[in-house]
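# Structural description and commentary
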Amino acid sequence: MKKLAFKIITKIKKLNKAKKIILLTTVLLFFSFIIIFYFSLPKELFTDPYSIVVYDRDGALLGVKISEDQQWRFPNSENLNEKFKTCIINFEDKRFRHHFGIDPIAFSRAIKQNLVSSKIVSGGSTITMQTIRLMRKGKKRTFKEKFIEVFLALRLECGYSKDEILRLYVSHAPFGGNVVGIEAAAWRYFGRDQNNLSWSENAMLAVLPNSPSFINTVKNSEKLKIKRDILLKKLYDKKIISRTEYELAIYEEIPEHPQPYPMYAYHLVSRATKEFSKTSNKIQTTLDIKYQLRCNEIVRNFNNIYKQNNINNLACLVLEVETGNVVAYVGNADFNTNTAEKDVDMVLANRSTGSVLKPFLYAAALSDGEILPATLLKDVPTKIAGFSPENYDKQYSGAVPADVALAHSLNIPFVHLLRQYGIFKFLHILKNLGLSSINKDSDYYGLSLILGGAEANLWDLCSAYSSMARSLKYYTSHQSKYNFNSYFKANYLKNNSEKENLKKSETSFLNAASIWWTFEAMSSVNRPGDEKNWQNFSSKQKVAWKTGTSFGSKDAWAIAITPDYVIGVWVGNATGEPKAGILGQKIAAPVLFEILRLLPSYKNWFSKPFDNMLKLAICKKSGYIAGQDCEIIDSVFVPETSINTQTCPYHKKINLDETENFAVNSNCYPIDKIKRKSWFVLPPAMAYYYKLKNTDYQPFPKMMEGCREGETQKIMEIIYPNKLSKVYIPVSIQGDTSAAVFKIAHIDEDAVIYWFLNEKYVATTKYIHEKEFSLKAGNYILSLVDNKGNRLSRQFSVVSKLE
């Protein structure tokens, strides 16, 4: 090689000056040509905007959004079906597989015809050259333009494979009107994917790009059929198709009218367009088209009924528990009408939550050891700082088990439970559950938070319930470990890898036992009032579910949880117009259970998380841990955090006279004649309503005349933190620090309490004695003084980490 180079250099040196200039010029021209040839094509051949095409999990078309230039132009076809390849090559360019962008035979014939006519009457264009013409936006047919096409076609052949060139051509060829590309044309004319077309259909589409006058398939159906059949005959003569295939193909009719593109998930397609159109024009989702179509039908049928009562909008969402993937998504039943609200996606619209947050509070209170599954909750006429909650049936039970209160969706018990648990703490739970629209402080929401005083959307609510179910399933199937990432928002994008990083954890902000008991309470079908015929909606399998109705009858909710799916339904008017018939149990629940029936049955209900439970002696009447005075006791597996719950406060030993009719004490009655007996004693207001529904309730006996009560009661008590010696600053699941929360109980509900920290006044509370303070680590004295001069002081220290 070195010797050859040396010889060439020696010969060049021997050339005279003129020949050297000629040689140098030739070399420069050659390399210039190479550079021009290499860079003659743009990096991206086609920059036209594409339609947004959305598919289900298996590739079925869910919907299409037209491109910015108002063309139905699908993204490049990655896999062309072999039938269409055969048809288009045999019709357009039969030597396509063998030439280098130019077909010498066809080109020679075209030159001869053009010279005879003194104008271009035949182009002799190959598929490669036609691809270049499409890229150059169909410039006028001149000799200069033809030369450019030839030059660029040669370059295209050097950089692209034959299959790539063919895909580029059929993806950008016009197929009539504003239809561009084989994929768009297959759906437009035949309502099917191009991979599912017959020989006849493929042949018809193959002749369309070359025959613009035949685009109107109604007006020119006969001419188009003749041209199609000629192509089919060519395929038959070449023995590409059999005689039977040929005869069946030529008898197929030309479609009379183009078909509208499918739109089976209007609002999801719109949402995907907004969220992902900048990164991809071809979006594959997790939806299952068979369930999507059935949900569309169910929603449409119910919507037609409800519209007669001017209830115009309905939405539903179905999620897989295991993955959080969306199975069906109906954003609004009204999208095929011309109403103003048809474009409103009610899956994402924030609306008053009604009662659908109650299960979250029940689970949180169980998880923190505030209550046991059947702890009695207060259910009496209530007025707190001007807020007067009522039960749906306007009745009171005095005291009702917490699980029954949840199953019956009683309002007053849950207002008292929220007051006991703490609004600030509950907002922290809702934040961890992903209810991002509930983002104000506790003063903003108040106790109405649990009855619809906040807004959330179907997407977040279903995500939260599926996260709870997923956390419980993971715990019981992974050796009693929690998955730190069990709580996440629903997902509709297939192959989304954002959730793959799994972290095991010993604890969770909602423990498995609490979630299990919550789903057990939600699985009850016994409903009060107008829900007395609820069994009509029951399914063959167990299901945990909850309904809700917003204040003023503007929103109706229904949410169901099974081990495999979460189903959410919202019904109402997108405009917010109230209607008397908008009630969760009346109009949302029937839709919910109709959808539930179409889903596959699960194999097993949620396993009981025994490793997260303790078997405790529970007072059957009060639902608290049994005290020494409780008479009827059950052994129940409850959340292990229940060990910190107080013992039964309602059973106590009392002194009776010999007849057991009067209460006595040693100051007025002989000690040797006093009878000690256990008694179930509720506070007066609770007892009044309780005995109306529990005829076996025995009120506290009257004091015998001449006797006086010798017991005193506490005036104030610090109930949270329950052991005020060391206060641990809580940390959120995201790692953010929060304020310390203090909560005080006072015997007088109308009492005013003045708060002092280290003898410095800091706050005044009335009705709800709950405050949050941002405190640094150190020692403090909390002093509380009520409006009657009663005083309570406690010393405590703040620590930044558990010891």
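Residues numbered from 1 in each chain as written. Predicted model: local features only at pLDDT ≥ 70, side-chain atom pairs only at ≥ 80, totals over all residues. Heavy atoms only, no water.

The next subject is the overall build of the chain. For the chain, the helix and strand inventory stands at 22 helices and 30 strands. Relative to all contacts within the chain whose residues are 6 or more apart in sequence, the contacts with residues 24 or more apart total 66%. In the form shown here, the chain has an accessible surface area of approximately 40000 Å², with 52% of it arising from carbon and sulfur atoms. (Helix = DSSP H or I, 4+ residues; strand = E, 2+ residues; numbered from the N terminus. Contact = heavy atoms within 4.5 Å. Areas by Shrake-Rupley, 256 points an atom, 1.4 Å probe, with all protein chains shown as cover.)

We now examine unusual backbone geometry. The backbone of lysine 394 sits at a positive phi, close to 65°, despite the residue not being glycine. Note that lysine 394 resides in the loop between strand E9 (376–379) and strand E10 (398–401). Under the relative-accessibility criterion, lysine 394 is labelled exposed at 54%. With phi around 55°, glutamine 479 is a residue other than glycine that occupies positive phi space. Structurally, the position occupied by glutamine 479 is in the loop between helix H19 (458–477) and strand E12 (482–483). (Buried < 20%, exposed > 50% of the residue type's maximum accessible area, 1.4 Å probe, protein only.)

Now for the confidence of the model for the chain. Per-residue confidence for the chain averages 84 on the pLDDT scale, and 84% of its residues sit at or above 70. Taken together, the stretch residues 526–538 has pLDDT below 50 and engages in 27 contacts with residues farther than four places along the chain or on a different chain. (pLDDT = per-residue confidence, 0-100.)

Moving on, we get to the nonpolar core. Phe360, Phe426, Leu449 and Phe519 are the most contacted members of the largest nonpolar core, which totals 91 residues. Here this core takes 10 residues from H19, the largest share from any one element. Beyond its immediate stretch of four places on either side in the chain, phenylalanine 426 contacts Leu357, Phe360, Leu361, Leu418, Tyr421, Leu449 and Ile450. Listed in part, the 59 residues of the second largest apolar core include Ile165, Ala185, Phe190 and Leu205. (Core = buried A, V, L, I, M, F, W, Y, C linked by side-chain atoms within 4.5 Å.)

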